[in-house]
Amino acid sequence: MSVYSLLLITIDRLMVVLYPLNFNKSKVKWFALVALGWILITAMSLLPLLPNPKLNAYFQNNFYGRNAVCLPFVLSGVTFHAVEFILTLVLLNIVFFTMITIAYIIIWRTVTSSKVKAINQNMEIDLVIKAAFVVATDFFCWFPLILLSLVAVSGVTINPTVSVWMAIFILPINSSLNPFLYTLPDIQKMLSL
């Protein structure tokens, strides 16, 4: 959900930068997009848990219990069946990250190449830099997991302790860094006044 939320924030920033006077920011539309994301992601995460015989056969009755960390990406050497499901999640993250990257490149080019120096151009550049750091830390924390998931799905045996290390050390880095990335530039500005 965090990558989807970053995608929505990025789309919002892109529209504001590209169409500053014409962008109609309808709260109802954005609420609908956020709600749709939550519904789809919750449904996808609950799919392996549903008491359906066909789904149980597909997910082998224990999809989230295959390793010690309950990640939707099975990184252990155990043979698993829900390859399409795992690939869908991994590819969805890759598509979202690609869209976010392209959008921030467009935003950066638009803001820095503007012929007219806007009053709030420095604020826009600061916001783009702050958001880029958030996206970059999210990417660098999730990319190893995505890469290992693709390797595991391709049939390469990965030591099960790798997923434990990923869950204990790499993924929490993202969660712990985001509050600092959101607030640190603002604190620095306040201290410099």
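Above: the structure in question.
For every chain, the first residue of its written sequence is number 1, and the numbers climb from 1 along that sequence. Given that the model is predicted, a residue must reach a pLDDT of at least 70 before its local features are reported, and side-chain atom pairs must reach 80 or more before they are shown or counted; all residues, however, enter totals for whole chains, interfaces and linings. Note that the side-chain values use all heavy atoms of the structure and ignore hydrogens as well as water.

**Q** Explain the overall build of the chain residue by residue, including any values.
**A** Counting its regular elements, the chain contains 6 helices and 0 strands. Ordered by position in the sequence, the α and β elements of the chain form the string α-α-α-α-α-α. By residue count, 32% of the 193 residues in the chain fall in the buried class. Any two residues whose heavy atoms approach within 4.5 Å are treated as being in contact. For the chain, restricting intrachain contacts to residue pairs at least 6 apart in sequence, the fraction spanning at least 24 positions comes to 64%. For the chain, the exposed surface amounts to about 12100 Å²; the carbon and sulfur share of it is 73%. Helix and strand assignments come from DSSP, with helices taken as H or I runs of at least 4 residues and strands as E runs of at least 2, each series counted from the N terminus. Think of it in three bands: with a 1.4 Å probe and only protein chains considered, a residue is buried below 20% of the maximum accessible area for its type, exposed above 50%, and partly exposed in between. Each accessible area is a Shrake-Rupley estimate made with a 1.4 Å probe; only the visible protein chains count as cover when residues are assessed.

**Q** Run through the packing of aromatic side chains, naming residues and quoting values.
**A** How two aromatic rings sit relative to each other is set out by the distance from centre to centre and by the angle between their planes. Think of it this way: a Phe, Tyr or Trp ring, Trp meaning its six-membered ring, pairs with another when their centres are within 6.5 Å, and the plane angle makes it stacked under 30 degrees, edge-to-face over 60, tilted otherwise. This model, assessed by the stated rule, comprises 4 aromatic pairs. Aromatic side chains phenylalanine 97 and phenylalanine 139 sit 5.4 Å apart centroid to centroid with 85° between the ring planes, which places their arrangement in the edge-to-face category. Of this pair, phenylalanine 97 sits in helix H4 (residues 83-112) while phenylalanine 139 is found in helix H5 (residues 121-153), placing the two residues 42 residues apart along the sequence. In this structure phenylalanine 97 comes out as buried when scored by relative accessible area, which is 5%. Its relative accessible area of 29% is what places phenylalanine 139 among the partly exposed residues. Centroid distance phenylalanine 139 to phenylalanine 140: 5.4 Å. Interplanar angle 70°. Geometry classified as edge-to-face. One aromatic cluster is present, built from ring pairs that chain together Phe97, Phe139, Phe140 and Phe143.

**Q** Tell me about the packing of helix H1 (residues 2-18) against helix H2 (residues 27-46), and please be specific about residues and values.
**A** Angles here are taken between N-to-C directions and fall from 0 to 180 degrees, while the axes themselves are lines fitted to C-alpha atoms, restricted in helices to the stretch in contact. The N-to-C vectors of H1 and H2 enclose an angle of 160°; their axes lie 11 Å apart at closest approach. Viewed along their axes, H1 and H2 adopt a mutual orientation that is roughly antiparallel. H2 is crossed by H1, and the crossing has right-handed handedness. Taking contact as the criterion, the partners of Tyr4, Leu8, Ile11 and Asp12 in H1 are, on H2, Trp30, Leu33, Val34, Gly37 and Ile41. Residues are grouped as follows: nonpolar covers Ala, Val, Leu, Ile, Met, Phe, Trp, Tyr, Cys and Pro; charged covers Asp, Glu, Lys and Arg; every other residue, Gly included, is treated as polar. Its residues placed into classes, the contact of H1 with H2 shows 7 nonpolar, 1 polar and 1 charged. Just so you know how the angles are binned, under 35 degrees is roughly parallel, over 145 roughly antiparallel, 65 to 115 roughly perpendicular, and the rest oblique. It is the rotation of the near helix from the far one that decides the hand of a crossing: anticlockwise by less than a right angle makes it left-handed, clockwise makes it right-handed.

**Q** Describe the packing of H1 against H4, and please don't skip the residues or the numbers.
**A** At a minimum axis separation of 9 Å, H1 and H4 run at an interaxial angle of 25°. Classified by the angle between their axes, H1 and H4 sit roughly parallel to one another. The hand of the H1/H4 crossing is left-handed. Residues Val3, Tyr4, Leu6, Leu7, Thr10, Arg13, Leu14, Val17 and Leu18 of H1 pack against Asn93, Phe96, Phe97, Met99, Ile100, Ala103, Tyr104, Ile106, Ile107, Thr110 and Val111 of H4. For the contact of H1 with H4, the class distribution of residues is 16 nonpolar, 3 polar and 1 charged.

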